[in-house]
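Listed below, chain by chain, are the residues.
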Amino acid sequence: MVLHGGHRHHFARGVHLFGCHLGEADSPHLARLHRVCQCADFVLALPIGAVAAATGVSARLLRYYEEQNLLAPARTSSGQRRYDESDIEPVGRIRRLLDAGLPTHVIAEILACACRGSGDVEPCLDPLLRDQLARLDARLTQLAFHHERLTELTSRPAAFSTNPSDRNYDPGLQLSGRRSQ
DNA sequence: ATTCTCACA
DNA sequence: TGTGAGGA
């Protein structure tokens, strides 16, 4: 059971369980506090700030991930997002997949695969990952091509330049870290 | 104080 | 893929 909507006034005075005061509703430690009380048969609804504190991912980004269909938190009657602890783990997973350069629509596909094993990506999705790797290679090749052509364009005028900073040209700086597709 | 949506790079 | 503005 997820507490939200009409239960908001309960949170205003902190969270109580069997008469014990567990902490304030917006406390960053709420997730941990609930873990201590696993005897409870309901799931506490976490506001976005608590999830941000628990995961290290900003509230702004959590909203963005929802917009990209990577998360689907519940809403209170006033429209505020209410997460539960089962939303915590996916956030870290999303971060790791983004760090691998995967676009959000691919990550959504990966998250949709319910047959979870131990890793971040199911083995059955290996073809998908290989396809992304191929796209990355293609971009790398194109970047190398652009780098060569641009070097041709810059090195000639530089030979006639009187600007001393032209001698500090570093090809490595031409590679900026952008994502694929 | 926190969270919301809309708009922008 | 993210961020900033501006309001409830």
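Just so we're clear, the structure is a prediction, and the values are computed from it rather than from any experiment. (Residues numbered from 1 in each chain as written. Chains lettered and ligands numbered in written order. Predicted model: local features only at pLDDT ≥ 70, side-chain atom pairs only at ≥ 80, totals over all residues. Heavy atoms only, no water.)

Observations regarding the packing of aromatic side chains
- Per the stated rule, a full pass over the model turns up one aromatic pair.
- Geometrically, the ring pair formed by Tyr64 and Tyr65 is tilted, given 5.9 Å between the ring centres and 55° between the ring planes.
- Given a relative accessible area of 1%, Tyr65 falls into the buried group.
- A cation sits over an aromatic face here: Arg149 above Phe145, 4.8 Å from the ring centre. (Phe/Tyr/Trp six-rings, centres within 6.5 Å; stacked < 30°, edge-to-face > 60°. Buried < 20%, exposed > 50% of the residue type's maximum accessible area, 1.4 Å probe, protein only. Lys NZ or Arg CZ within 6 Å of the ring centre and 35° of its normal.)

Regarding the packing of helix α3 (residues 48-55) against helix α4 (residues 59-67)
- Contact pair α3 / α4: the axes reach a minimum separation of 9 Å and the direction vectors enclose 105°. On the basis of the axis angle, α3 is roughly perpendicular to α4. Where α3 approaches α4, its residues Ile48, Val51 and Ala52 are matched on the opposing element by Ala59, Leu62 and Arg63. (Axes fitted to C-alpha atoms, helices over the stretch in contact; angles between N-to-C directions. Helix = DSSP H or I, 4+ residues; strand = E, 2+ residues; numbered from the N terminus. Parallel < 35°, antiparallel > 145°, perpendicular 65-115°, else oblique. Contact = heavy atoms within 4.5 Å.)

Let's talk about the protein's contact with DNA strand B
- In the vicinity of DNA strand B, the contacting residues are Pro47, Ile48, Gly49, Arg60, Arg63, Arg75, Gly79, Gln80 and Arg81.
- Side-chain polar atom of Arg75 to a phosphate oxygen of DNA strand B: 3.0 Å apart, as the coordinates give it.
- Between DNA strand B and Arg81, the relevant distance is 2.7 Å, taken from a phosphate oxygen to a main-chain nitrogen or oxygen of the residue.
- Of all elements in the fold, only α3 and α4 reach the threshold of two or more residues within the surface near DNA strand B.
- Grouping the constituent residues of the surface near DNA strand B by class yields two nonpolar, three polar and four charged. (Near = heavy atom within 4 Å. Polar contact = N/O pair within 3.5 Å; in protein donor to acceptor, adjacent residues only side chain to side chain. Nonpolar A, V, L, I, M, F, W, Y, C, P; charged D, E, K, R; others polar.)

A look at the packing of α4 against helix α5 (residues 88-99)
- Following both chains from N to C, one finds α4 and α5 inclined at 80°, their axes separated by 12 Å at the closest point. For the element pair α4 / α5, the angle class is roughly perpendicular. Facing Leu61, Leu62 and Tyr65 of α4, the residues of α5 in contact are Val91, Ile94, Arg95 and Leu98.
- Residue composition of the contact of α4 with α5, by class: six nonpolar, no polar and one charged.

Comments concerning the nonpolar core
- Leu62, Tyr65, Leu71, Tyr83, Ile94, Ile107 and Ile110 are the most contacted members of the largest nonpolar core, which has 24 residues in total.
- Not counting residues within four places of it along the chain, the set of residues in contact with Leu62 comprises Ile48, Val51, Ala52, Val57, Leu71, Tyr83 and Val91. (Core = buried A, V, L, I, M, F, W, Y, C linked by side-chain atoms within 4.5 Å.)

Some points on α5
- Here α5 spans 18 Å end to end across twelve residues, near enough to the 16 Å set by a 1.5 Å rise per residue.
- Taken together, the buried positions of α5 are Pro90, Val91, Arg93, Ile94, Leu97 and Leu98. Taken down its axis, α5 places every buried residue within 165° of arc, on the same side. In α5, the exposed positions that point more than 90 degrees away from the buried face belong to Glu89 and Asp99.
- Looking at the buried positions of α5, the neighbouring elements they touch are α3, α4 and α6 (104-112).
- Immediately downstream of α5, the backbone of Gly101 shows phi near 85°, a positive value. (Expected span 1.5 Å × (residues − 1). Arc of directions from axis to C-beta.)

Points about the environment of Ala59
- Structurally, Ala59 can be placed in helix α4.
- Through-space distance from the C-alpha of Ala59 to that of Gly49 is 6.0 Å; in sequence the pair is ten residues apart.
- In contact with Ala59, not counting residues within four places along its chain, are Ile48 and Ala52.

Some words on the confidence of the model for chain A
- Across chain A, the average pLDDT comes to 74, with 61% of residues at 70 or higher.
- Across residues 1-41 the pLDDT falls below 50, and counting only partners more than four positions away or on other chains, this stretch makes 57 contacts in the model.
- Predicted confidence for residues 166-181 stays below pLDDT 50, and this span has 23 contacts to residues more than four positions away or in other chains. (pLDDT = per-residue confidence, 0-100.)

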